[in-house]
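What follows is the residue order along each chain.
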Amino acid sequence: MKESCEKQKILDNFENTIASCTRCKLSSTRTKLVFGEGTACAKIMFIGEGPGKMEDLSGRPFVGRAGELLTRIIENGMKLKREEVYIANIVKCRPTVDMLMQKDRPPDKEEVERCNPYLKEQIKIIQPKIIITLGNPSTKFLLKTDTGITKLRGNWGNFQNIPVMPTYHPSFILRNGGEKSPLKRLVWEDIKKVLEKLNKP
Ligand code: SF4
């Protein structure tokens, strides 16, 4: 159940206002717009790149295999409930190669351009204490950089005075060895830095 706070109503209202968005071409192929999920009172916000197949069908972020891995990181690693954080993407509709809804791709420049005001508004409403960017597109966008995630991960950045910790996207871990991948250990190192900062008096 969602924790209740004033911000939740504002966020819910905002979700309703963009429910029929047609600001970019991804609206023509989506099944469901994936706004984001979690509590508006969250101290931690995860930001990925865009919905995949399962997310497009369900309307929920990070529910496929990558989502299961993210959930394990949150629940087993961080000892938080998934509903205690907020999870969103930089674009809200599924980007696919040639718009065929078969193979996922990162959002293109125009799609990010059109959709990013929604993410900015979510951040403005939620005001998380820490943002964790998952993978290149959200990291590059929030930190305004062309440097890749391999160099940036584990190093604090900043978005509108909110500390940002970039780390690998769970899909990237799954494509590179999965649960036993050394990349997972690196993600855990990044997450530990987040927990230390969050728990600092
Ligand atoms: S990706 Fe964003 S801008 Fe494009 S249609 Fe979906 S909600 Fe609108």
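Conventions and cut-offs
- Residues numbered from 1 in each chain as written.
- Predicted model: local features only at pLDDT ≥ 70, side-chain atom pairs only at ≥ 80, totals over all residues.
- Heavy atoms only, no water.
- Helix = DSSP H or I, 4+ residues; strand = E, 2+ residues; numbered from the N terminus.
- Rg over C-alpha atoms; globule rule 2.2 N^0.38 Å.
- Buried < 20%, exposed > 50% of the residue type's maximum accessible area, 1.4 Å probe, protein only.
- Contact = heavy atoms within 4.5 Å.
- Areas by Shrake-Rupley, 256 points an atom, 1.4 Å probe, with all protein chains shown as cover.
- Near = heavy atom within 4 Å.
- 1 Å grid on protein atoms, 1.4 Å probe; cavity = no way out; pocket = protein on both sides within 12 Å on 5 of 7 lines; lining within 4 Å.
- Sits in = over half its atoms within 2 Å of the grid points.
- Nonpolar A, V, L, I, M, F, W, Y, C, P; charged D, E, K, R; others polar.
- Expected span 1.5 Å × (residues − 1).
- Arc of directions from axis to C-beta.
- Points joined across faces, edges and corners; volume = space filled by probe spheres on them.
- Phe/Tyr/Trp six-rings, centres within 6.5 Å; stacked < 30°, edge-to-face > 60°.
- Polar contact = N/O pair within 3.5 Å; in protein donor to acceptor, adjacent residues only side chain to side chain.

**Considering the overall build of the protein chain**
Phase 1 of the analysis: Helix and strand counts for the protein chain stand at eight helices and six strands.
Phase 2 of the analysis: When the helices and strands of the protein chain are read in sequence order from the N terminus, they spell out α-β-β-α-α-β-α-β-α-α-β-β-α-α.
Phase 3 of the analysis: In summary, the protein chain has a C-alpha radius of gyration of 16 Å against a globular reference of 17 Å for 201 residues, a match within 12%.
Phase 4 of the analysis: C-alpha extents for the protein chain along the principal axes are approximately 45 × 40 × 30 Å.
Phase 5 of the analysis: With 201 residues in all, the protein chain has 51% of them scored as buried.
Phase 6 of the analysis: Considering only contacts in the protein chain between residues 6 or more positions apart, those separated by 24 or more positions represent 69%.
Phase 7 of the analysis: As displayed, the protein chain offers around 10300 Å² of accessible surface, 51% of which is attributable to carbon and sulfur atoms.

**A short note on the site of the ligand**
Phase 1 of the analysis: Lining the immediate surroundings of the ligand are Cys21, Arg23, Cys24, Ser27, Arg30, Leu33, Lys92, Cys93, Cys115 and Tyr118.
Phase 2 of the analysis: A majority-of-atoms criterion places the ligand in the largest cavity.
Phase 3 of the analysis: The class makeup of the residues in the shell around the ligand is six nonpolar, one polar and three charged.

**Thoughts on helix 1 (residues 6-17)**
Phase 1 of the analysis: End to end, helix 1 covers 18 Å across twelve residues, agreeing with the expected 16 Å (1.5 Å per residue, within 8%).
Phase 2 of the analysis: Turning to helix 1, its buried residues number three or more, namely Gln8, Leu11 and Phe14. Around the axis of helix 1, the buried residues are gathered within 125° of arc, so they sit on the same side. Along helix 1, the residues that are exposed and aim more than 90 degrees away from the buried face are Glu6, Lys9, Asn16 and Thr17.
Phase 3 of the analysis: Buried residues along helix 1 sit against strand 1 (37-38), strand 3 (86-89) and helix 4 (109-126).

**A closer look at the layout of surface pockets**
Phase 1 of the analysis: Roughly 770 Å³ of volume is contained in the largest pocket.
Phase 2 of the analysis: When contributions to the lining of the largest pocket are tallied by element, the ones reaching two or more residues are helix 2 (53-58), helix 3 (65-77), helix 5 (136-143), helix 6 (149-152) and helix 7 (170-175).
Phase 3 of the analysis: Ranked by the residues each element gives to the lining of the largest pocket, the list is headed by helix 7, at four residues.
Phase 4 of the analysis: The residue inventory of the lining of the largest pocket, partitioned by class, reads eleven nonpolar, eleven polar and eight charged.
Phase 5 of the analysis: If you add up the space inside the second largest pocket, you get close to 200 Å³.
Phase 6 of the analysis: Glu15, Phe35, Gly36, Glu37 and Gly59 are the residues nearest the centre of the second largest pocket, which is lined by 14 residues in total.
Phase 7 of the analysis: For the lining of the second largest pocket, the elements supplying multiple residues, two or more each, are helix 1 and strand 1.

**A word on empty space enclosed by the protein**
Phase 1 of the analysis: In this structure the tally under the stated criterion is one cavity of 30 Å³ or more.
Phase 2 of the analysis: Looking at the largest cavity, its volume works out to about 90 Å³.
Phase 3 of the analysis: Residue lining of the largest cavity: Cys21, Arg23, Cys24, Leu26, Ser27, Arg30, Leu33, Lys92, Cys93, Arg114, Cys115 and Tyr118, and that is the complete set.
Phase 4 of the analysis: In terms of residue class, the lining of the largest cavity is built from seven nonpolar, one polar and four charged.

**Quick word on the packing of aromatic side chains**
Phase 1 of the analysis: Enumeration according to the criterion identifies three aromatic pairs in this entry.
Phase 2 of the analysis: A ring pair is formed by Phe14 and Phe35, whose centres lie 5.8 Å apart and whose planes are at 65°; its orientation type is edge-to-face. Residue Phe14 is located in helix 1, and its partner Phe35 is located in the loop between helix 1 and strand 1; the two are separated by 21 residues in the primary sequence.
Phase 3 of the analysis: The class for Phe35 is buried, based on a relative accessible area of 2%.
Phase 4 of the analysis: One aromatic cluster is present, formed by Phe14, Phe35 and Tyr118 through successive ring pairs.

**Observations regarding the environment of Lys92**
Phase 1 of the analysis: As for its placement among the helices and strands, Lys92 is situated in the loop between strand 3 and helix 4.
Phase 2 of the analysis: Considering only alpha carbons, one finds Lys92 and Thr31, 61 residues apart in sequence, at a separation of 11 Å.
Phase 3 of the analysis: When neighbours within four sequence positions are excluded, Lys92 is seen to be in contact with Lys32, Leu33, Val34, Phe35, Pro51, Cys115, Tyr118, Leu119 and Gln122.
Phase 4 of the analysis: At 2.9 Å, the side chain of Lys92 forms a polar contact with the backbone oxygen of Asn89.

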